[in-house]
Number of protein chains: 2
Amino acid sequence: MTINGSLLVAGSEKRGTRGELYGVEAATGTALPVSFGGASAEDVEQATRLAWEAFASYRETDLETRAAFLETIASEIEAIGDELIVRAMAETGLPRGRLEGERARTTGQLRLFAKEVREGRFQELRFDGADPSRKPVPKPDLRLRNVPLGPVAVFGASNFPLAFSVAGGDTASALAAGCPVVVKAHSAHPGTSELVGRAVQRAVAKAGLHAGTFALLFDTGFEVGQKLVADARIRAVGFTGSRRGGTALMKISSERKQPIPVYAEMSSINPVIFFPNALKTRAPEIAAAFVSSLVLGAGQFCTNPGLILAVDSEGLDTFIAKARELLPDVGAQTMLTGSIAKAFCDGVARLEKHPEVRLVANGKPGSEFEGTAALFETTAAAFLAHHELQDEVFGAAGLIVRCRDLAELERVLDGLEGQLTVALHITNEDEQDAKRLVPKLEMLAGRLLVNGFGTGVEVSPAMVHGGPYPATADGRSTSVGTLAIYRFLRPVSYQDFTTTLLPAPLR
Amino acid sequence: MTINGSLLVAGSEKRGTRGELYGVEAATGTALPVSFGGASAEDVEQATRLAWEAFASYRETDLETRAAFLETIASEIEAIGDELIVRAMAETGLPRGRLEGERARTTGQLRLFAKEVREGRFQELRFDGADPSRKPVPKPDLRLRNVPLGPVAVFGASNFPLAFSVAGGDTASALAAGCPVVVKAHSAHPGTSELVGRAVQRAVAKAGLHAGTFALLFDTGFEVGQKLVADARIRAVGFTGSRRGGTALMKISSERKQPIPVYAEMSSINPVIFFPNALKTRAPEIAAAFVSSLVLGAGQFCTNPGLILAVDSEGLDTFIAKARELLPDVGAQTMLTGSIAKAFCDGVARLEKHPEVRLVANGKPGSEFEGTAALFETTAAAFLAHHELQDEVFGAAGLIVRCRDLAELERVLDGLEGQLTVALHITNEDEQDAKRLVPKLEMLAGRLLVNGFGTGVEVSPAMVHGGPYPATADGRSTSVGTLAIYRFLRPVSYQDFTTTLLPAPLR
């Protein structure tokens, strides 16, 4: 395979001329071989024009062709072999096991959407038969189907170089819906992006699809992303990243002549509630599981447990003692980029200096490219008085909020912004208290879980990876799981159409 | 029944103290008996607070209770009897037959949603079974359902005093989804609104629901509506009205701490394409059907055919000749309000004065409260050069765009904004030309119809009354038909929940 730093447009490659960027070894900050040329305004224009052209045929591909195309992308990604894992390890600092798992998730996700496409339920076909004799007016023949929105701009995510980047969940669900995709690669893993982009490009060619069905662009600043979202031919956006980035895209959309859906997954601190009896009976086990979840992947998951709510008790003290015992043995971990490591370090420093917050324990110190896990504690009163304590610190940092009682814990919940997940740790004896909170938690997050942590995100029909603003820009949707396809569809009704005129699925 | 000008809040009535407004006889501009007190900020606050309280229980009503409640609203509306029709006739100037039909549509719509609730499909229940033995990690138990968004603010529409006002489509679908509703009555038919509001209030009491499930507020300006949309407890908005009104609500939502979905149905000129062979073989019949659709209800339908696209031909001349013969016999019709009549009159005057537009024919002149039908003609080149010719003139006004050929007609389509409907008039011989346009038309509108006009909107499962911006604020939705319920729902996933904790439908 070749990484040569090309933009992938028009079924071909071309050198971007608007500046250049390098893949950087996450562990050392050293530039990796090959520079990547940034896309110009003309490149964006070409990619969206071709995506629009491709849309005409791609939207009407039969389900089998489209499903097989998704499966070919999966096979082509597998065919890259170890080069992909090695490059991704270097660019992201993530370990081999994690990246191999993520690759499996990525290809599994493509195949799951292939299955969803074949089943065809997403088309939402509906038929209301005519009744010419109905009074006072005859009943028309009405048929409905979902149609794809149009070309989709997908922004690669730093923290999932495979599963939420070039051929990740947003791309898979948009292609499954019948939408061409223009990807803006994340600058933190350009080589990984090019390898996967070439795999998608090969799949487009093998399936005999219009070359505009897929494009991959590099951006040396923010202009490519901004231009994409503002482009009239782009009809939806998939994004996973920071709150600042997501809200900037929402603003661009709202200022378009025709605003478009922006599916931005932005920020979440994923509250975990330890109920009194759970802590009383198994605080050490909970602490061990919590620490594992907190530091998984250097804490760089959207669903990382950043906020712990518990009632003041011996059980909580036992939990804290156990965490204090475990954390110092946790090694520092390479973070995705130097700037993410620095932002994490700054966020931890803000908590350390906060007058109302005290440090519980730290992991082992590391280099400037590594993150050192950190656990803090504060009181409910302080948390409620200091809104900045809700700010996500992306990485392995957690804040325990010690509440006087369940009523105060509930007030803390009332003060929270929208979240991706909320986890409840309970025993049978906590069930009634937990049950009372469930309706409130349903309003707070897209996924609720019992006696676990949100860091594992199953790719399946019943998954919701989404949640009320600001967890996502649009809390009516999910970016993981088969329901994600509905983000890129809209219903159209056909009245009294002749058989010739009807789209094939409605005949 | 009593109309006394009360706000309906907290299961009771109260006099609004923020100014007053009167129902006005549409035909004469004369104030009708009873003044209506405008709601204050405190009234809005009380209504939304109670709606939020009611949400806790209303969202979890079992399907049968909720369905029966919707049916009771329908019966209570019927029980008002002729007083409702008489008052609505006076306030809106619409004739008895239309209002009786609209009442049937309103109650039919409530009963259709009751059926939809009983069937329960909208809950989108999904079950992914656990697999504790899966490698490398056990598969969790995941279950999904849709939950209601929360209290909904509904804005009554001037042009559907029953079917899109107090207990109209937005209210029926929001209540069906499990959302309490706070209605801002349209000031053009306050008495009608109060009568229907009391019917809903009685149904709430009969069903034993929390009194905050429904409220009706009058607004002497714009403050009530603005406050409602800005209120943190309101979680979605249903609106049918002007583009200015709809975009103002979108802006308020975007500035909220937590933006909410605004389902605003705003403006559409509903292009009608007469294909060459259709005009060649049956221009006079098409003209007769067109004139009937144009002037139906004084042209005050969102789906009124305001734009006619056709290729220059003898057939088109025959169509125009026939329209010119028919229109002068069309009597002026009372419009919904004096200001709507004035806006229509101004819009017609703008077209009359437009240098690129010529008058084809007028209906009979009338009073200042009546609208006189008007049909105009322009060229494709002029239409493409003058964007203002796309502005909706709400009422019985149509603009014919004469195109040189189908290629030019297609360019006109390319220049159009999003629409609710597009109608195609064809014969067998036009089918191939029409078929080529269908993909383009699917991107342009929410409903496409053949050999008819969009003015009849069926309330059924396969209906889409929606379309790309600016036809609506959110082209992924419909405000008519059973799919409308999905506007007020979002998915939540439950992972490894115990039976006790699971919401009843997921057990």
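For clarity, every value in this text was computed on a predicted model and none was experimentally measured. (Residues numbered from 1 in each chain as written. Chains lettered and ligands numbered in written order. Predicted model: local features only at pLDDT ≥ 70, side-chain atom pairs only at ≥ 80, totals over all residues. Heavy atoms only, no water.)

Brief notes about the pairing of strand S3 (residues 20-24) of chain B
Residues and elements named next belong to chain B.
Piece 1. Where S3 lies against strand S4 (residues 31-37), four bridges are found, and the strand directions are antiparallel. By the bridge assignment, Glu20 is partnered in S4 with Gly37.
Piece 2. Hairpin connection of S3 to S4: six residues between the antiparallel strands, including Gly29 at a positive phi of 80°. (Pairing = 2+ DSSP bridges. Helix = DSSP H or I, 4+ residues; strand = E, 2+ residues; numbered from the N terminus.)

Overview of the sheet that holds strand S21 (residues 489-495) of chain B
Piece 1. The 10 strands are arranged S15(A)-S17(A)-S18(A)-S13(A)-S12(A)-S19(A)-S20(A)-S21(B)-S6(B)-S5(B) in an open sheet whose pairing can be described as mixed. Pairing within the sheet leaves two strands with one partner each, and these edge strands are strand S15 (358-362) of chain A together with strand S5 (126-128) of chain B. Direction aside, the axes of adjacent strands within the sheet are offset by 20° on average.
Piece 2. Relative to strand S17 (residues 374-379) of chain A, S15 of chain A runs antiparallel, the two being bridged by four bridges. Bridge pairing links Leu359 of chain A to Phe376 of chain A in S17 of chain A.
Piece 3. Packed onto the sheet, helix H10 (residues 314-326) of chain A meets strand S12 (271-274), strand S13 (307-311), S15, S17 and strand S18 (397-403) of chain A and runs at close to 160° relative to S18 of chain A. (Axes fitted to C-alpha atoms, helices over the stretch in contact; angles between N-to-C directions. Contact = heavy atoms within 4.5 Å.)

A short note on unusual backbone geometry
Residues and elements named next belong to chain A.
Piece 1. Residues Lys135 and Pro136 are joined by a peptide bond in cis, for which omega reads 0°.
Piece 2. Checked against the element boundaries, Pro136 lands in the loop between strand S5 (126-128) and strand S6 (142-148).
Piece 3. Here the amide bond leading from Tyr469 into Pro470 is cis, since omega sits at 5°, within 30 degrees of zero.
Piece 4. Its location among the elements puts Pro470 in the loop between strand S20 (445-450) and strand S21 (489-495).

Structural notes on the UniProt feature "domain: Aldehyde dehydrogenase" (unreviewed entry) in chain A
Piece 1. UniProt's feature table lists "domain: Aldehyde dehydrogenase" (unreviewed entry) at residues 36-460 of chain A, given in the numbering used throughout.
Piece 2. Structurally, residues 36-460 of chain A is divided into 46% helix and 18% strand, and its ends, taken at the C-alpha atoms, are 35 Å apart. (UniProt positions renumbered as here; feature names shortened; annotations may be inferred.)

Description of the environment of Ala54 of chain B
Residue and element names in this part refer to chain B.
Piece 1. Along the chain, Ala54 falls in helix H1 (residues 41-58).
Piece 2. Residue classification places Ala54 among the buried positions, given a relative accessible area of 0%.
Piece 3. Apart from residues lying up to four places away in sequence, Ala54 is in contact with Pro180, His210, Gly212 and Thr213. (Buried < 20%, exposed > 50% of the residue type's maximum accessible area, 1.4 Å probe, protein only.)

Quick word on the environment of Lys139 of chain A
Residue and element names in this part refer to chain A.
Piece 1. Within the secondary structure, Lys139 sits in the loop between S5 and S6.
Piece 2. In this structure Lys139 comes out as partly exposed when scored by relative accessible area, which is 22%.
Piece 3. Spatially, the C-alpha atoms of Lys139 and Leu399 are 61 Å apart, while their sequence positions differ by 260 residues.
Piece 4. A distance of 2.9 Å separates a polar atom in the side chain of Lys139 from the backbone oxygen of Gly129. (Polar contact = N/O pair within 3.5 Å; in protein donor to acceptor, adjacent residues only side chain to side chain.)

Topic: the sheet that holds S21 of chain A
Piece 1. Reading across the sheet, the 10 strands line up as S5(A)-S6(A)-S21(A)-S20(B)-S19(B)-S12(B)-S13(B)-S18(B)-S17(B)-S15(B) and stay open at both edges, with mixed pairing between neighbours. With partners counted over all chains shown, the strands left at the sheet margins are S5 of chain A together with strand S15 (358-362) of chain B, one partner each. This sheet shows a mean twist of 20° between the axes of neighbouring strands, independent of strand direction.
Piece 2. Summarising the sheet, S21 of chain A and strand S20 (residues 445-450) of chain B pair through three bridges and their orientation is parallel.

Describing the relation of the copies chain A and chain B
Piece 1. The two copies are related by a screw operation: chain A maps onto chain B through 180° of rotation and 0.0 Å of translation along the axis, at an RMSD of 0.0 Å. What the superposition gives is, in effect, a two-fold axis relating one chain to the other. Relative to the rotation axis, the C-alpha of Ser254 of chain A is the closest in chain A, positioned 4.3 Å from it.
Piece 2. When the interface residues of chain A are mapped onto chain B, 100% of them are again interface residues, pointing to one common binding face. (Least-squares fit on C-alpha atoms with pLDDT ≥ 70 in both.)

Observations concerning helix H11 (residues 338-353) of chain B
All names here are of chain B.
Piece 1. Taking 1.5 Å per residue, 16 residues should reach 22 Å; H11 reaches 22 Å between its end C-alpha atoms and fits that length.
Piece 2. Turning to H11, its buried residues number three or more, namely Ile340, Ala341, Phe344, Gly347, Val348 and Leu351. Relative to the axis of H11, the buried residues are bounded by an arc of 125° and lie together on one face. For H11, the exposed residues set more than 90 degrees away from the buried face come down to Ser339, Lys342, Arg350 and Lys353.
Piece 3. Residues of H11 that are buried make contact with strand S16 (370-371), strand S17 (374-379) and strand S18 (397-403). (Expected span 1.5 Å × (residues − 1). Arc of directions from axis to C-beta.)

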